[in-house]
Amino acid sequence: MQTPLLQVKHISKTYHNSKGWFRHETVEAIKSVSFDLKRAHTLAVIGEAGSGKSTLARILAGEMSPSSGDILLHGQNLNDTNQRQRCMDIRMIPQRPSLSLNPRLRVGMQILAPLVQHRSLTPSLRQQKLYATMRDVGLLEEHADYYPNMLSASQRLRVTLARAMIVDPEVLVFDQTLSAMDITMRAQLINLLTMLQQSRGMAYIMIGHQLSMIRHLADDVMVMQQGEVIEFRPTDEIFESPASEYTQRLIYAYNELVQGPSS
Amino acid sequence: MNLLDIRNLTIELETPQGIITAVERFSLVVQDGEFRGIVGESGSGKSLVGRAIMGLLSNKWRVRADRFFFAGEDLQQMDVDEHRRFMGREAAMIFQQPSSYLDPIAKIGEQILEALPQTPRLNLAFWRRNSDRLEKVSALLHKVGIRDHKRIMASYPHELSEGLCQKIMIAMAIANEPRLLIADEPTSTMEATTKIQIYKLMAKMNQLRKLSVVHICNELETAANWTDRVTIMYCGQSVEAGPTQQVVEQPLHPYTHALATLIKRDPQRQMLNVMPGTMPTLQHLPTGCRLGPRCPRAHKDCIEMPRSRYLRNRSYRCHAPFNLEEKHANAAASGQTH
Ligand SMILES: Nc1ncnc2c1ncn2[C@@H]1O[C@H](COP(=O)(O)OP(=O)(O)OP(=O)(O)O)[C@@H](O)[C@H]1O
Ligand code: SF4
Ligand SMILES: [Mg+2]
């Protein structure tokens, strides 16, 4: 049997918040979460505010480490790989793409930044890589010389995407990136992600409550509540027969929204 | 009756680089008791229209129209303050991120009390007036579906969810018994379970209290099922308007057509049929039709800006609309051509 691209095994995270001098409070943000993600597959993670979704995203992207548990990529434990390599393998697209760009730096430089940090390439190869990646996400070569404020919101999103993809990651994590997006931009992004998934075999983890988008892109949906996984099933099943109470309320509300008042 | 009657509303902004036209010849008629949607992408001018109606635009904006009437009153005959006061009585507006419109350091109960109309009931002794007003507050909260009014009234905004805050904004909005509610993306940051509560609340107010609603949003998917009529905006213009169901099922304008295609879900996972590119900025508008560079139906006539055309209860702004050939034929057969 083929090893899944990503294996998450019993990861937990406990935060220690100090409350005054002697007291402190421990919060178990996620409790023994496990799942597998195959190549060219998409997993959506939904759940109430504070259910641990963003903590999970940040652990996956290597921004913090779990209190316990293992993450394996191609069967290799990420605790053993060096930090640099893992930051290239799993990349996160932030919640507000536009805010994550430096307004005083040309777009091309910003897309290249992770590559400069991570790899030794000749300038000409680097240039080629830049243009190829920009083409992939639907930007023009001339955009490399622009500053972020000269681009539209959707082009800026493409820039953050290009910046994540320049190091050829295998997994992209979207943390609520897609919730505040206009319909045409969202549709363009769906197409772009589908295409990249087909051509490069990338896997996606989508965090957030954009249900139309989840329905279109995700293969599986994982539902979290108070740090635990309460449901993990294929997308169609979740939409047809949600099991947990939280999921039922969410899906019924969604159906009512897109079908109109039931009168 | 026409509650709101706007013809060719133009909203311009003076900038050091010259005058920018953010909303151009925009028309909107809202009937008494109507649930109207205005759908457009970010930057299409939806919020400007809403704020112009309320008289809330600052003096760097120039607003003019061929007709700008509310409930039979000519808003252009009023000065800024009169306009604002008049609309403040007749209408109310709610926004995205309701918590940022509430005072963070005052209890909810106090804030709603302040929103109550200042009409002292002189037949009541002064100590009764206060309890009378408190009863009004709890009655308002009940109307927006909040049962545990005691707890809510004693809370501060940060202690409540966005959904609850939005309900409180709606309670304050209806305190004056307005005839129109302008809701500017009241739910766009909420998850489905909260969203539906706000939609249901607006629909209920609309039906029970004959409150007209202008619901501004950036997606057709939900507006499609909750509004009676819809106006689609692109780049500061109304590109199509009409009864929502007709607009969604038989769109005339290519832009509406693209939006409508996106919401007809296809069980097969595949590429969506979406327009390329993005909406141009107001500083770089194409000549002629503003959709031109992105439009699959563009042809040589389109270098000329299309005017709004009217066909029965619908309007559109395009030289080569979809779904019209048959319609024209039918209309001609029944002698109804305009
Ligand atoms: N204060 C301002 N100064 C300069 N331009 C502005 C200002 N406010 C709005 N605009 C411009 O006017 C146009 C319409 O803005 P408006 O806020 O009405 O858009 P919208 O359709 O409500 O968008 P959104 O969905 O993002 O709320 C936009 O192009 C915007 O850039
Ligand atoms: S006028 Fe021409 S370019 Fe504009 S929407 Fe119609 S067909 Fe497209
Ligand atoms: Mg707006």
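Note that the structure is predicted; figures quoted are calculated from it, not measured.

Reading the values: rules and limits
- Residues numbered from 1 in each chain as written.
- Chains lettered and ligands numbered in written order.
- Predicted model: local features only at pLDDT ≥ 70, side-chain atom pairs only at ≥ 80, totals over all residues.
- Heavy atoms only, no water.
- Helix = DSSP H or I, 4+ residues; strand = E, 2+ residues; numbered from the N terminus.
- Pairing = 2+ DSSP bridges.
- Axes fitted to C-alpha atoms, helices over the stretch in contact; angles between N-to-C directions.
- Contact = heavy atoms within 4.5 Å.
- Buried area = accessible area lost by both parts, 1.4 Å probe.
- Salt bridge = Lys/Arg side-chain N within 4 Å of Asp/Glu carboxyl O.
- Parallel < 35°, antiparallel > 145°, perpendicular 65-115°, else oblique.
- Nonpolar A, V, L, I, M, F, W, Y, C, P; charged D, E, K, R; others polar.

S.K.: Break down unusual backbone geometry for me, with residues and values.
M.R.: Most peptide bonds are trans, and most residues other than glycine sit at a negative phi. Its identity as a non-glycine residue notwithstanding, A:Ala40 has a phi of 60°, on the positive side. Turning to its location among the elements, A:Ala40 is positioned in the loop between β2 (23-37) and β3 (42-47). The backbone phi angle of B:Asn8 is positive, close to 50°, even though this residue is not glycine. Along the polypeptide, B:Asn8 turns up in strand β1 (residues 2-15).

S.K.: Any details on the sheet that holds strand β12 (residues 309-311) of chain B? Residues and values, ideally.
M.R.: Residue and element names in this part refer to chain B. Read from one edge of the open sheet, eight strands run β7-β8-β9-β3-β10-β11-β13-β12, paired in mixed fashion. The two strands at the open ends of the sheet, each matched to only one other strand, are β7 (91-94) and β12. Taking each pair of neighbouring strands and ignoring which way they run, the sheet shows an average axis angle of 20°. Bridge analysis of strand β11 (residues 237-243) against strand β13 (residues 314-316) gives two bridges, and the strand direction is antiparallel. Note that in β13 the partner of Glu-240 across the bridge is Tyr-316. Relative to the sheet, helix α6 (residues 162-174) contacts β7 and β8 (180-184), its axis offset from that of β7 by approximately 170°. Against the sheet, helix α7 (residues 192-208) contacts β3 (35-40), β8 and β9 (212-217), and its axis sits at roughly 155° relative to β9.

S.K.: Tell me about the sheet that holds β3(A), residues and numbers included.
M.R.: All names here are of chain A. Across the sheet, six strands lie side by side as β6-β7-β8-β3-β9-β10; this open sheet has mixed pairing. One side of each edge strand has no neighbouring strand; the edge strands of this open sheet are β6 (90-93) and β10 (228-234). Taking the axes of each pair of neighbouring strands and ignoring which way they run, one obtains an average angle of 20° across the sheet. As paired strands, β3 and strand β8 (residues 203-207) are joined by four bridges and run parallel to one another. Looking at β8, one finds that Thr-42 is bridged to Tyr-204. Packing of helix α5 (residues 153-165) onto the sheet brings it into contact with β6 and β7 (171-175), and relative to β6 it is tilted by some 170°. Contacting β3, β9 (220-225) and β10, helix α9 (residues 245-259) runs over the sheet at an angle of about 120° to β9.

S.K.: Describe the interface of chain A and chain B, and please don't skip the residues or the numbers.
M.R.: Taken residue by residue, the interface counts 33 residues in chain A and 31 residues in chain B. Summing both sides of the interface, chain A and chain B together bury roughly 2,900 Å²; the carbon and sulfur share of this comes to 57%. If you look at where chain A meets chain B, you find two salt bridges. With its nearest N and O atoms 3.6 Å apart, the salt bridge here joins B:Glu219 to A:Arg186.

S.K.: Outline the packing of helix α1 (residues 46-54) of chain B against helix α2 (residues 80-90) of chain B, listing residues and values.
M.R.: Residue and element names in this part refer to chain B. In the contact formed by α1 and α2, the axes pass within 8 Å of each other and the chain directions differ by 100°. Compared by their axis directions, α1 and α2 come out roughly perpendicular. Residue-level contacts link Ala-52, Ile-53 and Met-54 of α1 to His-83, Arg-84 and Met-87 of α2. By residue class, the composition of the contact of α1 with α2 is four nonpolar, one polar and one charged.

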